[in-house]
Amino acid sequence: MNEYLTWGGAGILLAVAGAAIIASEIQAGLATGDTLIVAYGAAVIVAMIVTILIVAPSFRGSHS
């Protein structure tokens, strides 16, 4: 199997899983008014987006 797909796919799955897990923390932070938790959650979401933007283009050239 192509290692771009293996490791890139694993990285994207971990990033999405982290964002899904942190979503409950963001909701709790919004409910309690804790801005630090909300800021941390937003940073995790930004990290997920950056990960996808960096890794996803390598999938295009990985068909060989």
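Residues numbered from 1 in each chain as written. Predicted model: local features only at pLDDT ≥ 70, side-chain atom pairs only at ≥ 80, totals over all residues. Heavy atoms only, no water.

Attention shifts here to the environment of Ile21. Inspection of the secondary structure assignment puts Ile21 in helix α1 (residues 3-32). Assessed through its relative accessible area of 62%, Ile21 is described here as exposed. Residues Ile21 and Met48, spaced 27 residues apart in sequence, show a C-alpha to C-alpha distance of 12 Å. (Helix = DSSP H or I, 4+ residues; strand = E, 2+ residues; numbered from the N terminus. Buried < 20%, exposed > 50% of the residue type's maximum accessible area, 1.4 Å probe, protein only.)

Time to look at a nonpolar patch on the surface. Taken together, the side chains of Val46, Val50 and Ile54 define a hydrophobic patch exposed on the protein surface, amounting to about 280 Å² of accessible area. By the secondary structure assignment, Val50 is in helix α2 (residues 35-55). Here Val50 falls in the partly exposed class, since its relative accessible area comes to 39%. (Patch = residues over 30% accessible without salt bridge, like charges linked within 9 Å, V, L, I, M, F, W, Y side chains within 5 Å. Areas by Shrake-Rupley, 256 points an atom, 1.4 Å probe, with all protein chains shown as cover. Salt bridge = Lys/Arg side-chain N within 4 Å of Asp/Glu carboxyl O.)

With 21 residues, α2 extends 30 Å between its outermost C-alpha atoms, agreeing within 8% with the 30 Å of an ideal straight helix rising 1.5 Å per residue. Among the residues making up α2, those that are buried are Gly41, Met48 and Val55. Each buried residue of α2 lies within a common arc of 70° when the element is viewed along its axis, so the set occupies one face. Away from its buried face, by an angle of more than 90 degrees, α2 presents the exposed residues Thr35, Leu36, Leu53 and Ile54. Of the surrounding elements, those touching the buried residues of α2 are α1 and α3 (57-60). (Expected span 1.5 Å × (residues − 1). Arc of directions from axis to C-beta. Contact = heavy atoms within 4.5 Å.)

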